[in-house]
Structures are given as C-alpha cells and as structure tokens.
Number of protein chains: 2
Amino acid sequence: MGTHNKPDKKINLASRMDFIEPFHVMRVLKRAKEMQKDGHDVIHMEVGEPDFSTPEPIIAAAKKALNRGLTQYTPAAGILELREAIANFYAERYGVDISPQRILITPGATGALQLVLAVLVNPGDEVLLPDPGYPCNRHYVELFNGKPVAINSDAQNRYQPTLQDIKQKWSERSRALMLASPANPTGSVLSKQELSDISRLVLKQSQGSQTAALIVDEIYHGLTYEEPGEERTATALSLENTDNLFVINSFSKYFGMTGWRLGWVVAPQKYLEALDRLAQNIFLCAPTPAQYAALAAFSDESLEIMEQRRNEFKKRRDLLLPELSNLGFKIAAVPQGAFYLYADCSAISADSMMLSSRILEKTGVAITPGLDFGMHRPEQYVRFAYTTDMERLQQAIERLLKFIQK
Amino acid sequence: MGTHNKPDKKINLASRMDFIEPFHVMRVLKRAKEMQKDGHDVIHMEVGEPDFSTPEPIIAAAKKALNRGLTQYTPAAGILELREAIANFYAERYGVDISPQRILITPGATGALQLVLAVLVNPGDEVLLPDPGYPCNRHYVELFNGKPVAINSDAQNRYQPTLQDIKQKWSERSRALMLASPANPTGSVLSKQELSDISRLVLKQSQGSQTAALIVDEIYHGLTYEEPGEERTATALSLENTDNLFVINSFSKYFGMTGWRLGWVVAPQKYLEALDRLAQNIFLCAPTPAQYAALAAFSDESLEIMEQRRNEFKKRRDLLLPELSNLGFKIAAVPQGAFYLYADCSAISADSMMLSSRILEKTGVAITPGLDFGMHRPEQYVRFAYTTDMERLQQAIERLLKFIQK
C-alpha cells in the first residue's frame, strides 16, 4: 500500500485523491526494514518522531485517569482543565494572555488543521503555503477541494516566503496563508517582526467581508535552540492582531506524545462556534485518556524532562551541522528549531531520490528525499532527522564519509 | 457555542458550514446541567453513550502498554495484531472470513466515515441515507461538498429504506447508499436477506466504470437483543458480494470504549491503497494507547462483561417498551438493537421539541427531540436512550406518568 502516485482509475476515486500523495519516505522505510530483516544495521535518520517516549509524569497521569474510570466522551472542545492549562502555559512561557475559550483540543494537530480548513475553504479557494513544507498541509487543502498555491522558498530567505512572494501569489480566490515556525523540513523559525509583517500583509489582502486568514503551524514550538541570553522564539499569538489568526499546536513533538493524537488550535473568537460545531460532528472529542494525561505535561517535573530533551536535540544539531557540511551537504540556513536538517546535496548528486536510495543500500543510513516536501527543487535536497542518539549519529557520519570518499 | 443553526455571515465561512448543524440535544444538555446546578435531580435519557465505563481487562491492557512505553505512532492502518484480532472476531462470532489487510483501524467510526466519504465523494455527488438517522452521517457528506439525499423512512418499514425508495431516489449523481444496522435513533436492524436485496440493488445502480457503493454503519453491532435460539444479527460482511461494501464499526458502544476514539472500516481490496494513503495524511494513525487497550477487548473475560451489559440493556428495553406505550408514546417498530427507543409522541403533543423541553422542566427527565435525527416528521418523535440503570428508568416512568396525567 501507499506506493502509487495516482489511484487506479478503474475504481473512480473522488478527484481529490489524484492530489493526495503517499509519503515517499515510506518506500525508504520499507526498504530499510527489509535490510534490517536481512541482518543489516540501519541508522534511522528519516523518522519525524522523537526517539524519546512519553515522559513518566504524563504516563502516570494517564494511568491515574484510567483508574478513575475517565474513559467517556468529553465536550467536543476538550476538557476545560486542559484548555486552562494551555492558556496558563501561554501566559507563563510567552507572556501572552489567551482565553481558554479560544483553545480547542483536537485529535492531533492533524485534527486542528482539518477543522480550520473545513471552516475556511470552499472548493476552488486557494491557500498559499511555502514549498518546501510538510506535505500533509497541502493535502488538507486538497481534502476540501481547495487549491494549494506553492510559494517557492529558498535558503537565502531561510525557506520562508517573503512579503513580495505573498503579494505576488495572492489572488481573488486566495483565502489564507499557511506558515510553519519552526518549519518542517527546514527547521526555519520566524521572528516576531517577520510574523508581524506577514500578518499585516495578509490582513490587507482581505476583500470586502472576506477576511484573509493566517494559519501558523507551531507544532515544533518549544524545540528551538536559542543561545543563552537570546529571547525565546515568539508565538504568532503574541502579535497585536490575532483576529484572523489560527495557531495550530500539538502535544506530539515537544511534549513527546506522538501516538496519543492530541493537539489544539487557538482561533479567533468569531470562528469558535463553527469550529466547535464541526468538531462535535466529525470528532465527537479528542481521545479522553490523552487529554487527562496531557494535564501533567505542564508540571515542573515534565517541563524539566522536556528541556533536557531539547538540550539533547541541540547537541545533535550542533554535531551534525559542521560534519554534514564537511561531507558536502550544504546547509545554508542554520535551522533554529525542530529536529531536521534540510541539506542541499547537489554537490554530491543531481538526483536526491537516487542518492538517498544509494546511501541506504551502501551505508544503511536512512534519510528522506526532498520530494516528500514539495516540487521546488526536491532533487537537490535531502532531509536528515536527528531523532537518533549521539553515538548513532557519529556512526552515520563515519559511514557517510566512507560513502562520499569512494 | 453550538447554539446557532446558521453561521455568522460576516465571517464568510465555507459554504459547507451552512449545512452542518449542531446537535440540538446540546441545548437540552445545557439546560439539564443548569437544573442540576440548581439542585434538581435530572434523569439522563438523552445521552448516546453507555453508562458503563471501559471494562477492566481493557483498562489493564492499556496500562500494560503504557508501562512498556508504547506511545509512538503506529502504521496508518493500525497495529497488525489488532487488525488480526478483529478478523478473528469476525470469524468466531459471525463465521465470516475477512483478511486483516482489509481492516483499517481509525480514530473512531467518525474517522472511518471521513476516510470512506473523502475517497468516494466529489463535490456535488449524492449519497442516499435514511431519515431519521444519525445526523453526523449526513454531515460527513456535506464535509466533502457532497449532497446527502434523504430517504424518508417510517415505522411500517422499521425506519429502513425500501428497495423502491432506493431506486426512486437514485440519480446520475448518486455515488453511495449509507445504512445503519442497528440504527440510531430507531434501534432498527436489517436481516441478512434485507441487506442482500439492498446490496444487489445498489450494485445494479453502478454506471459504467462507476461502482455504486454500499456503506453500512454497524457501530451498534453486538448490542442486539435476539431471543434465545434466534440467530445472531448478520453483519453485511456475510453477504456474497462485498466488492462495493464498506462496513464501519467502533469500539465505542458494545466494547465500552467511547472516549478512546477507536473504530475501524472493512473495505474492498481495491480501495485499500487510497484509504491508507489518506489515513497517512489526515490521521497519521489512530490513538496508540487505545489500539493496545483494544487488543484485550476480544478476550473471554472482556466478552463476558460485554454480554452481561448487553443483557442489562435488553432488560431496560423490555421494561421501557410497554411502560412508554402505556403513557402514549407509540413505538410501532420494536427496536432490536442499540440502546434507543424512537417514540411517536404525537398523541401527547404536536411539537416534540416543545414537549421534550416541558418534560425536562416539569419532571427532570432529559430526552432528545426528533429534530436531531432529520427532517422527516421530527416534530412527531422523541428519542429515549436507556443508558441509565433500571432504578432510574423506573423513576423516569413514574415522573412521566405524573406529567401525562396532569
């Protein structure tokens, strides 16, 4: 499954399925698993999931809730305690005052993205988003028969769209701009000033009663690598105007809760009724055990574990950056967040798909080809995920060195 | 939130939101909660959720998985062990041989319905479904800008569509028929013969390469009240032809796992690639702790608990049926499954919405007005859920008797 680009025409799938692609990395993963079965030692640098499991205090909170029999439906927007806990977190960490009413708990950030796009996008409406980017973001637009409009983004702008790009791509049918900070696959982070400039520009694109929306994916928030003394990365919620702003976040990455499927969206007041109504219908609620577990995610004990992990990720990034550059993988924009390095491999090969295959076969190091992140020069890029420990990363570098030297 | 029928035009929501209604029962629920706060004793017969919490063996399996750190993503289609366990269950309980490959684990039956409709329905395509019915089913069609076509169904046909109805409503744009057995709100069950006749008819409606699909919601399966010696209710998967059949099921109702958000779909082979590709993109996976928990749902110990609960539901149904009839609530089609009684209240009031309000205010018994289940004579009907214990149901009957006698 998941290997065809185009569905079988004989079964007359809905047309949206022509545009929803499988993850190409699945092929890498499949081959890597075959190699492991044959006794090869594979180093996984293709996986977009932290190698840390859920912190113990969160596990303990889940078990406690299960012991109390808390397994029934919750309100569609989530339990109030969790919405309040998230609001508190915004206040404490970012100094931003958000009403818990504006926070809807969702089945993963994926659920949040579905809600927001379903509420905003009519068939034929356009949503602008940078390329390279997380492919599912484009697919959520296709899901509702909207039209994703790629903004080709390059290293000189840290793979983020410029004001000029946005202006140029905006059309009468454009409904929203989607950004990510930190971004996947580039780890690129937007400053508060950049966010503010973009936000102002998007709002200006509003036509009549049609408010242009800004959707900011912050699911890698927290996993940013500020130097001591530097200000913490800004959330888009700290902007002056948030009337057209949807911020998506998740317990998956920073909080280490991938499999629990729990995220949230902070939405403008006037959209809450529609989002809640839709969530009632298409989700009923986010998973209840996950919601009670997540209540423990903001405790001092949990946050300490997460900060240790953040430091570990930073060490890995700082190890890989110079080593990969030495090998000829050009990382022009130093990633300030997430756990990815998006590397220009054109000095080594003109075909990143072929290259990642060869690297896997010859060295047992699994990486993701650029094609998974869009159509803008994917053949020049590969993504390294540092979701593997330091020792294994060292081994990967040694293997890659031998491969390159041949 | 959730109280308007129509969204605020000023914010230009996507047009699909005009057709996605809130649950009207939310108003009942809200009022019931206010009354409870004021010290009134409310008997809840409006809630579509079993009053039993998750069986202990399932809870224990969840805790065991958490202790083992099983909190990461699973494959999009779910863990193979669970898909195999479900296939075994079909074999043992129904004597039906289903390949685990055809079973996709989803975030609730809601996730399964989203997948199937997204894969089948283009904007403007029609999906036929009976009215009264579970309102979300209609809304999933709207979600993808399809057009739900109601088949008005009445007590004389046990609220299920007749072959003639289906033929008559089928058009060039019709893509699928959705059924439920047992159905919400009516508890109506389709026999194998009826399913088979409908299936054959639907397949005949296929146009050229366009296969007409049959979607059968079996989320109340298991909660059926056969008399001793009677054959167990048939699953649509026991039909001869399943090439155009999608069966949706869930761990929520029979297995008592509502809040965990876990369901599945059994799909025809040729649709698996598309369903899996979409699931990868829009869900990543169903909640991991829930998947491991559900592995214990098929143990003898768990099934024994579920059968006890089924018997308890049957007792409640058998208590309520004659009593409500005596009170003037006409239940023409004896419900053979689920935990609902859909009662014609026109002998008591011409306006079921008003009646359910008055009953709540005067007696503290909360029930659901017909409007939540469609547009076909909703003013004549109310739904009683027997998700409350025998003692409380007795009290409800006493209160209703006083109300009616006044």
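Structure shown above.
Before going into details, it helps to say that this report is about the structure given with it. Note that the structure is a prediction, hence the values are computed from the model and not measured.

1. Things to note about the interface of chain B and chain A
In many analyses, interface size is given as the accessible surface area lost on bringing the parts together. With 68 residues of chain B in contact, the opposing surface of chain A contributes 68 residues. Elements supplying a minimum of two residues to the side of chain B that touches chain A: helix 2 (56-67), helix 4 (108-120), helix 5 (135-143), helix 8 (272-282) and helix 9 (288-294) of chain B. Of the residues forming the side of chain B that touches chain A, the biggest block, 9 residues, is contributed by helix 8 of chain B. Residue composition of the side of chain B that touches chain A, by class: 34 nonpolar, 24 polar and 10 charged.

2. Quick look at the sheet that holds strand 4 (residues 147-152) of chain A
Residue and element names in this part refer to chain A. Reading across the sheet, the 7 strands line up as 2-8-7-6-5-3-4 and stay open at both edges, with mixed pairing between neighbours. The open sheet has two edge strands, strand 2 (103-106) and strand 4, and neither has a second partner. In this sheet, adjacent strand axes meet at a mean angle of 25 degrees when their direction is disregarded. In this fold helix 4 (residues 108-120) packs onto strand 2, strand 5 (174-180), strand 6 (213-217), strand 7 (245-250) and strand 8 (263-266), with an angle of close to 35 degrees to the strand it touches most, strand 8. The sheet strands contacting helix 5 (residues 135-143) are strand 3 (126-131), strand 4, strand 5 and strand 6, and the helix crosses strand 4 at an angle near 150 degrees.

3. Observations regarding the relation of the copies chain B and chain A
The transform that puts chain B on chain A rotates by 180 degrees and translates by 0.0 Å along the axis, for an RMSD of 0.0 Å. Here the symmetry operator amounts to a two-fold rotation axis. Mapped onto chain A, 100% of the interface residues of chain B are again interface residues, and the two copies thus contact each other with one and the same surface.

4. Let's talk about the pairing of strand 9 (residues 340-344) of chain A
Residues and elements named next belong to chain A. Counting buried residues along strand 9, 4 of its 5 residues qualify, which places the element largely inside the surrounding structure. Bridge count between strand 9 and strand 12 (residues 381-385): 5 bridges; the pairing is antiparallel. Its bridge partner lying in strand 12, Tyr-340 is registered against Ala-385.

What counts, and at which threshold
- Each chain has its residues counted from 1, running along the sequence as written.
- Written order determines the labels here, with chains lettered from A and ligands numbered from 1.
- Two thresholds apply to this predicted model, a pLDDT of at least 70 for residue-level local features and 80 or more for giving and counting side-chain atom pairs, whereas whole-chain, interface and lining totals are computed over all residues.
- Residues are scored as being in contact if the C-beta atoms we place from backbone atoms lie within 7 Å.
- In DSSP terms, a helix is any run of H or I states spanning at least four residues, a strand is any run of E spanning at least two, and both are numbered starting from the N terminus.
- Polar here means any residue other than Ala, Val, Leu, Ile, Met, Phe, Trp, Tyr, Cys and Pro, which are nonpolar, and Asp, Glu, Lys and Arg, which are charged; Gly is therefore polar.
- Pairing between strands requires that DSSP locate at least two bridges from one strand to the other.
- To obtain an axis, a line is fitted to C-alpha atoms, over the contacting stretch when the element is a helix, and the angle between two such axes runs from 0 to 180 degrees between their N-to-C directions.
- Superposing copies: least-squares fit, C-alpha atoms only, residues required to have pLDDT of at least 70 in both.
- Partly exposed residues are those whose C-beta has more than 12 but fewer than 20 other C-beta atoms within 10 Å; with 20 or more the residue is buried, with 12 or fewer it is exposed, and the C-beta atoms are placed from the backbone.

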